[in-house]
Amino acid sequence: MVKTTRTIKVTGNKSFLGKALRIIYLLLALLFLIIGISEGIIIITIIGSVGILGITGIWLIGKMTLVTLDDTGIGYKSPFWNLRFTWAEIQTTGVYYIKNGEAYREYPEDADLLNGNGWPRNIFVSTKFSYFPRRHDRLISKTNIHFRWNREAWEVISRYVSKEAQTAYYAA
């Protein structure tokens, strides 16, 4: 059997607006740092330094985070988590988007369509049968993996995950 492996880099917001905001924040932090150093104001220098370190840290974490799908299961590797679920362990999977802090169901066949709300789609897999991403429960944990929508990844998931796990999220 040929080994099917898909590796997806989870890099956060890929939209033009998200990239523009990161550049603006970086330039503001750099401006604070330069003004703080030139004027000798320690608090502004600290704010600028923390801002540059924070933006750089977020960028590095995004570059170091990988989701890997293969014949045996799905893996999530970041500086904070190293998770691996076999396909048999996955009890619920689905697609959702976040709007105003709330999670809304999205059907996979509609996830590629550009609709009026324009919110980015996410995929989740969970080892809990009754899992549904909620406002304060959308993070990576020992039982859940979330990552940005990717059609190729969804096709691999739908090929290996049971039909019950694929429909449990939408039946609730």
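Before any of the text, the structure's been laid out above.
Chemist: What is the right way to read the overall build of the chain from this model?
Modeler: A tally of regular secondary structure across the chain gives 4 helices and 8 strands. Ordered by position in the sequence, the α and β elements of the chain form the string β-α-α-β-β-β-β-β-β-β-α-α. Counting every position in the chain, which comprises 172 residues, the buried fraction comes to 34%. Counting only carbon and sulfur atoms, one obtains 65% of the accessible surface of the chain, whose full area is about 10500 Å².

Chemist: Even after reading the chapter, I still don't get the side chain of arginine 121, so can you show me in this structure?
Modeler: Tracing the chain through its elements places arginine 121 in strand S7 (residues 121-126). For arginine 121, a relative accessible area of 7% translates into the label buried. Of note is the side chain of arginine 121, whose polar atom sits 2.8 Å from the side chain of glutamate 106.

Chemist: Help me out: how do you make sense of the side chain of histidine 146 in this one?
Modeler: Mapping histidine 146 onto the fold places it in strand S8 (residues 144-148). Polar contacts involving the side chain of histidine 146 include one to the side chain of tyrosine 96, which spans 2.6 Å. In terms of polar contacts, histidine 146 uses its side chain to reach the side chain of tyrosine 131, at 2.9 Å.

Chemist: Quick question: what am I supposed to make of the packing of aromatic side chains here?
Modeler: The geometry of an aromatic ring pair is captured by the separation of the ring centres together with the interplanar angle, meaning the angle of the planes. Under the defined criterion, the tally for this structure stands at 5 aromatic pairs. Their ring planes at 25 degrees and their centres at 5.5 Å tell us that tyrosine 97 and tyrosine 104 sit as a pair that is stacked. The class of tyrosine 97 is buried, set by a relative accessible area of 13%. On the basis of an interplanar angle of 35 degrees and a centroid distance of 6.3 Å, the ring pair of tryptophan 149 and tryptophan 154 is categorised as tilted. Here tryptophan 154 falls in the buried class, since its relative accessible area comes to 6%. Among the aromatic residues, ring-to-ring pairing joins Tyr96, Phe124 and Tyr131 into one connected group.

Chemist: Please explain the environment of leucine 27 as it appears in this structure.
Modeler: Examined against the element boundaries, leucine 27 turns out to sit in helix H1 (residues 16-39). You can call leucine 27 exposed: its relative accessible area is 51%. Distance in space between the C-alpha atoms of leucine 27 and isoleucine 52 is 8.8 Å, their sequence separation being 25 residues.

Parameters and conventions
Residues numbered from 1 in each chain as written. Predicted model: local features only at pLDDT ≥ 70, side-chain atom pairs only at ≥ 80, totals over all residues. Heavy atoms only, no water. Helix = DSSP H or I, 4+ residues; strand = E, 2+ residues; numbered from the N terminus. Buried < 20%, exposed > 50% of the residue type's maximum accessible area, 1.4 Å probe, protein only. Areas by Shrake-Rupley, 256 points an atom, 1.4 Å probe, with all protein chains shown as cover. Polar contact = N/O pair within 3.5 Å; in protein donor to acceptor, adjacent residues only side chain to side chain. Phe/Tyr/Trp six-rings, centres within 6.5 Å; stacked < 30°, edge-to-face > 60°.

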